[in-house]
Amino acid sequence: MAKQLPTQAQVVIIGGGIVGCSVAYHLTNLGCKDVLLLERKVLTCGTTWAAAGLVGQLRATRALTKLATYGTQLYARLEEETEQATGYITTGSIMVARTEERKHEYDRSAAMARAFGIEMYPISFEEARKLWPLMYTGDLVAAYYFPKDGQTNPVDTCQALAKGARMGGAKIFEGFTVTGVTLKNGAVSSVSTEQGEVTCEYVVNCGGMWGQSLGRMVGVSVPLHAAEHMHIVTKPIEGVYKGMPTLRDMDGYIYFREEVGGLLMGGFEPVAKPWGMKGIPENFQFTELNEDWDQFSIFMDNAITRCPAMKTAEVRHLTVVPESFTPDTAYMLGEAPGVKNYFVAAGMNSVGIASAAGAGKAIAEWITEGHQAEDLWDVDIQRCFSWQDNRRYLRDRVTESVGNLYADHWPYKQPRTARPVRTSVFHDRLAARGACFGVVAGWERANWFAPEGVKPEYKYSWGRQNWFEYSAAEHMAVREGVGVYDLSSMVNFLMQGRDAESVIQRICANDVAVPLGKVVYTQLLNERGGIEADLTVTRLDEDTFFVVTAAATETRDFEWIRRHIPGDAHAFLTNVSSAYAMLGVMGPKARDLLSTLTDADLSNEAFPFATAQQIDVGYARPWAVRMSYVGELGWELYIPTPFATSVFDALMAEGKKFALRLVGLHAVDSLRLEKGFRHWGSDITTDDTPFEAGLGFCVKLDKGDFIGRDALVKQKESWLKRKLVIFTLEDPEPLLYHDEPIYRNGEHVSQITHGSYAHLLGCAIGMGYLENLEGIEAEWILSGKYEIDVEGKLIPAKVHLKAPYDPKNERVRM
Ligand SMILES: Cc1cc2nc3c(=O)[nH]c(=O)nc-3n(C[C@H](O)[C@H](O)[C@H](O)COP(=O)(O)OP(=O)(O)OC[C@H]3O[C@@H](n4cnc5c(N)ncnc54)[C@H](O)[C@@H]3O)c2cc1C
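Each value, and the rule that gives it
- Residues numbered from 1 in each chain as written.
- Predicted model: local features only at pLDDT ≥ 70, side-chain atom pairs only at ≥ 80, totals over all residues.
- Heavy atoms only, no water.
- Helix = DSSP H or I, 4+ residues; strand = E, 2+ residues; numbered from the N terminus.
- Rg over C-alpha atoms; globule rule 2.2 N^0.38 Å.
- Buried < 20%, exposed > 50% of the residue type's maximum accessible area, 1.4 Å probe, protein only.
- Near = heavy atom within 4 Å.
- Polar contact = N/O pair within 3.5 Å; in protein donor to acceptor, adjacent residues only side chain to side chain.
- Areas by Shrake-Rupley, 256 points an atom, 1.4 Å probe, with all protein chains shown as cover.
- Nonpolar A, V, L, I, M, F, W, Y, C, P; charged D, E, K, R; others polar.
- 1 Å grid on protein atoms, 1.4 Å probe; cavity = no way out; pocket = protein on both sides within 12 Å on 5 of 7 lines; lining within 4 Å.
- Points joined across faces, edges and corners; volume = space filled by probe spheres on them.
- Pairing = 2+ DSSP bridges.
- Axes fitted to C-alpha atoms, helices over the stretch in contact; angles between N-to-C directions.
- Parallel < 35°, antiparallel > 145°, perpendicular 65-115°, else oblique.
- Left-handed = near helix turned anticlockwise from the far one by under 90°.
- Contact = heavy atoms within 4.5 Å.
- Core = buried A, V, L, I, M, F, W, Y, C linked by side-chain atoms within 4.5 Å.
- Salt bridge = Lys/Arg side-chain N within 4 Å of Asp/Glu carboxyl O.
- Phe/Tyr/Trp six-rings, centres within 6.5 Å; stacked < 30°, edge-to-face > 60°.

Before going further, it helps to spend a moment on the overall build of the protein. Assigned secondary structure in the protein consists of 18 helices and 40 strands. The C-alpha atoms of the protein give a radius of gyration of 27 Å, which matches the 28 Å a tight globule of 814 residues would have. Taken over the C-alpha atoms alone, the protein extends approximately 80 × 65 × 55 Å along its principal axes. Among the 814 residues that make up the protein, the fraction classed as buried is 63%.

The structure is reproduced here in structure tokens:
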């Protein structure tokens, strides 16, 4: 007899792969019993069934590593808990490096792993061959071992999660296709199927490669695309034993695991094959695509190098199944922008088995608590953009995303596909002057400028890259003379209306009810006092506020502000970013240069720091905002786009007299770090309060109520336990990027949030949080001996409570 669909559920999960089942399991574990999972065919029939089942722990960042490590813990106990076999075993894994550069990457990873409590250590080739007897090591540079990594049976593990969810009260319906999601007042209200409708409070899109089209049903961008993904299984091979560790040879694009006495071998090719351009067939279930031995040959060739026994091994089967990948090769979690209570957990980039446990837990906590338990910006769906829903863009990028899993994870690595998407009006002018572009939020941005005769191309390395000296010169031009950078990628919103002031005042921690033309640097906080956004607000007139924020946070900042406008308020938020191009004119000679192009009085008296005026520059009337992210005298010019190139040309012409230098965004980053300016997403996140982040000067507790005020008042009444400080390395050679472990008096305490090179000081610089549960005072901070672990070497570091450059903030007020 057909099952009767309930008419109501609190949470409806779409998709019965491992991610959907994990969300259901964790929701019921957290006490949310009214959960309905709808699967169009049968559980595991999408991509889950085909997985190799590798469960690794180490990921690119601390938060993601924590989620992945939780997977190894949950899968190890799930069988006992549910009495459903999972096939999970702790086999350990080995990772080998074929090049010195890869060894640098893994040495950094090993330092990070140690700090995160994951066992990862170098082993000799002899030890490696003992663990993996068929391995050829003659061409290798290094090998590393993770004793606690595991392998699992994906189908059984998914079934165990489903059983656990049912035991907790969830209902699982197979053979029910979701055909629509209805919204009411911008929030989820029901889902429809051919068998009926279910009203609900929450929907979780766990549709795997169907996730994008499911998102389109409600106008939500879920940017993912399927690509063919493959592995072979051989007949038994002598020397292969049960429980043998996984072997990853990323330089050869491949991995191996034991499978019934033979080897399962698959990988991540540098140029992948997109799939599903014409949609996914209705009857897709446990579907295998046609074998493509040409596409597989790159794996086979490398597999024979690493494991010569593969040459004569008999292949039992080549499995080709589509899996979904995202433009930045990170999965997507969280509440979608624009639709309340519509959650997404999809785009697993072939680590869905390893990540499902953590992803399911994170989503369940998010729904039951109403917010993330911990900052998950790296995988937050709000890092995505509506334009990324473009299928051609996704198809072109997926050819590269797949390979990114195993490619060298170079610092500053830029995508090579699906470019350009967004260009500023200055793009061709910058290109003609030697710009080397990188991508943020789809924008082509000049990261550095190659001098005459040098090709503007990255040569990646873990040491100083080819642009290091050029960027250093740009950095110094801003410190000593004048530089111009294009930051048209900055995002501009207008908040307008009779209630604009009261609405924005409640959203900001700083006082923005200021006189016309005043610019306010402020954070937007959540109820827990955590920093949701970091931006400037300029009052343009009585009812108009100009909000400027970073390109990467366009979606989430717009969404955060929009959601906090009360329904009955006369206040309207508009994204006007395309209306303005932005040039930063910065450095001690900025006033002299700009004065040649304007009759406006730029003196401190007439145009003080943190104010804005609409002035003539050349033949245009931009908003000139006297703020600086690089810590020097300067103005940001917000130029109505059609006028922008004329201003650029005028600046370049007049700039010759001042040795004006074009400056790339790598230099902007090193300049801002030297000045101690924070960056949202790394140095400050939803887990940090302004007091902890050293931004207490932006908090106005006495201005009246605002979001997060109560939490800050409470924090002020007790001891502050954490604080963001700045570190500079005492050795000028080593470089900092992010996540390098920080040691205080020989004990690991935290990691670098973001690092760069302080060219003026002549050493690497980075920020990081320190914690002392008995109260974090300057004396305690300064009394410690600090070292940063770079590639396994502890480098002595100096701690700074204030910016090492211009701590009194005098340069911006020159
Ligand atoms: C060859 C291969 C090897 C892999 N190896 C590994 C590995 O070793 N380790 C690892 O971690 N990962 C691996 N993966 C990746 C892993 O399999 C996936 O990341 C994971 O299974 C994704 O799970 P999911 O739940 O997101 O998607 P799926 O398993 O595809 O589940 C989505 C479900 O949604 C259902 N659905 C879609 N639309 C609707 C609708 N309208 N209504 C109802 N239901 C709907 C589908 O039928 C499907 O069952 C591998 C993948 C492949 C192809």
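Around the ligand, a shell composed of 36 residues is seen, among which Glu39, Thr48, Glu323, Ile353 and Ala354 lie nearest. Here an oxygen atom of the ligand and a backbone polar atom of Thr47 are 2.9 Å apart. Contacts to the ligand include Gly53, whose backbone N or O atom sits 3.1 Å from an oxygen atom. Relative to its unbound accessible area of 1,000 Å², the ligand is 98% covered by the protein chains. Contributions of two or more residues to the shell around the ligand are made by α1 (18-29), β2 (35-39), β13 (225-234), β18 (315-325) and α8 (352-369). Of the residues forming the shell around the ligand, the biggest block, three residues, is contributed by α8. Partitioned by chemical class, the residues of the shell around the ligand number 19 nonpolar, 14 polar and three charged.

What follows is about the layout of surface pockets. A volume near 620 Å³ is recorded for the second largest pocket. In this structure, the second largest pocket is lined by 24 residues; those nearest its centre are Glu335, Trp366, Gly370, His371 and Trp560. Taken together, the elements giving at least two residues each to the lining of the second largest pocket come down to α8 and α13 (554-563). The greatest single-element share of the lining of the second largest pocket, amounting to four residues, is contributed by α13.

The next subject is the sheet that holds strand β27 (residues 531-541). Taken in spatial order, the five strands make up an open sheet running β26-β27-β28-β25-β29, and their pairing is antiparallel. Strands with a single pairing partner mark the edges of an open sheet, and in this sheet they are β26 (519-525) and β29 (572-575). With direction set aside, neighbouring strand axes in the sheet form an average angle of 30 degrees. Relative to strand β28 (residues 544-549), strand β25 (residues 491-496) is paired through six bridges, and the arrangement is antiparallel. Bridge pairing in β28 places Asn492 opposite Val548.

This part covers the sheet that holds strand β4 (residues 89-90). Spatially, the three strands line up as an open sheet ordered β3-β8-β4, and their pairing is antiparallel. The two strands at the open ends of the sheet, each matched to only one other strand, are β3 (54-55) and β4. Of the strand pairs in this sheet, β4 and strand β8 (residues 150-151) are connected by two bridges, and their pairing is antiparallel. Within β8, the residue paired with Ile89 across the bridge is Gln151.

Next up on the list: the packing of helix α2 (residues 62-82) against helix α5 (residues 154-167). Put simply, α2 and α5 touch, their axes get as near as 10 Å, and they point 55 degrees apart. Comparing the axis directions of α2 and α5 gives the class oblique. Regarding α2 and α5, the two cross each other, and that crossing is left-handed. Contacts between α2 and α5 involve Leu74, Tyr75, Leu78, Glu81 and Thr82 from the first element and Thr157, Ala160, Leu161, Lys163, Gly164 and Met167 from the second.

The biggest cluster of nonpolar side chains holds 63 residues, and the ones touching the most others in it are Trp132, Phe256, Leu263, Met265, Met310 and Tyr342. Considering every element that reaches this core, the biggest residue donor is helix α7 (residues 293-306), with four residues. Other than its neighbours up to four places away in sequence, Tyr342 contacts Val181, Val188, Val203, Asn205, Leu214, Gly215, Val218, Val220, Gly334, Glu335 and Ala336. Within the second largest apolar cluster, 50 residues are counted, among which are Tyr25, Leu74, Ala162 and Ile363.

We now examine the pairing of β27. Burial of β27 is extensive: ten of the eleven residues sit out of reach of the surface. Looking at chain direction, β26 and β27 are connected through seven bridges and run antiparallel. Bridge assignment links Gln523 to a residue of β27, and that residue is Asp534. Where β27 and β28 come together, five bridges link them in antiparallel fashion. Counted as the bridge partner of Asp541 is Thr544 from β28. Hairpin remark: β27 followed by β28, antiparallel, with two residues in the connecting loop.

Before going further, it helps to spend a moment on empty space enclosed by the protein. Considering all chains together, one arrives at three cavities of 30 Å³ or more under this definition. Lining the largest cavity are 17 residues, and of these Tyr412, Trp467, Phe468, Ser756 and Tyr757 lie nearest its centre. Residue assignment for the lining of the largest cavity shows that the elements contributing at least two residues are α11 (468-480), α16 (665-674) and β37 (747-758). With four residues, α16 is the single largest residue contributor to the lining of the largest cavity. Here the second largest cavity defines a volume of roughly 60 Å³. Forming the boundary of the second largest cavity are Ser424, His427, Leu430, Phe437, Trp443, Glu444, Arg445, Ala446, Asp486, Leu487, Ser488 and Ser489. The set of elements that each furnish at least two residues to the lining of the second largest cavity consists of α10 (427-432) and β23 (443-449).

Further remarks concern the pattern of salt bridges. Inspection of the entire model under this criterion finds 48 salt bridges. Here Arg556 ties to Asp380 by a salt bridge, and the two come within 3.7 Å at their closest N and O atoms. Of this pair, Arg556 sits in helix α13 while Asp380 sits in the loop between α8 and α9 (391-404), placing them 176 residues apart in sequence. When its relative accessible area of 4% is taken as the criterion, Asp380 is described as buried. Across the pair Asp683 and Arg672 runs a salt bridge, and its minimum N-O distance is 2.8 Å.

Counted according to the given criterion, the structure contains 34 aromatic pairs. Aromatic side chains Trp448 and Tyr470 sit 5.9 Å apart centroid to centroid with 25 degrees between the ring planes, which places their arrangement in the stacked category. On the criterion of sequence distance, the pair formed by Trp448 in strand β23 and Tyr470 in helix α11 is long-range, its members being 22 residues apart. Look at Trp448 and you get buried, because its relative accessible area is 0%.

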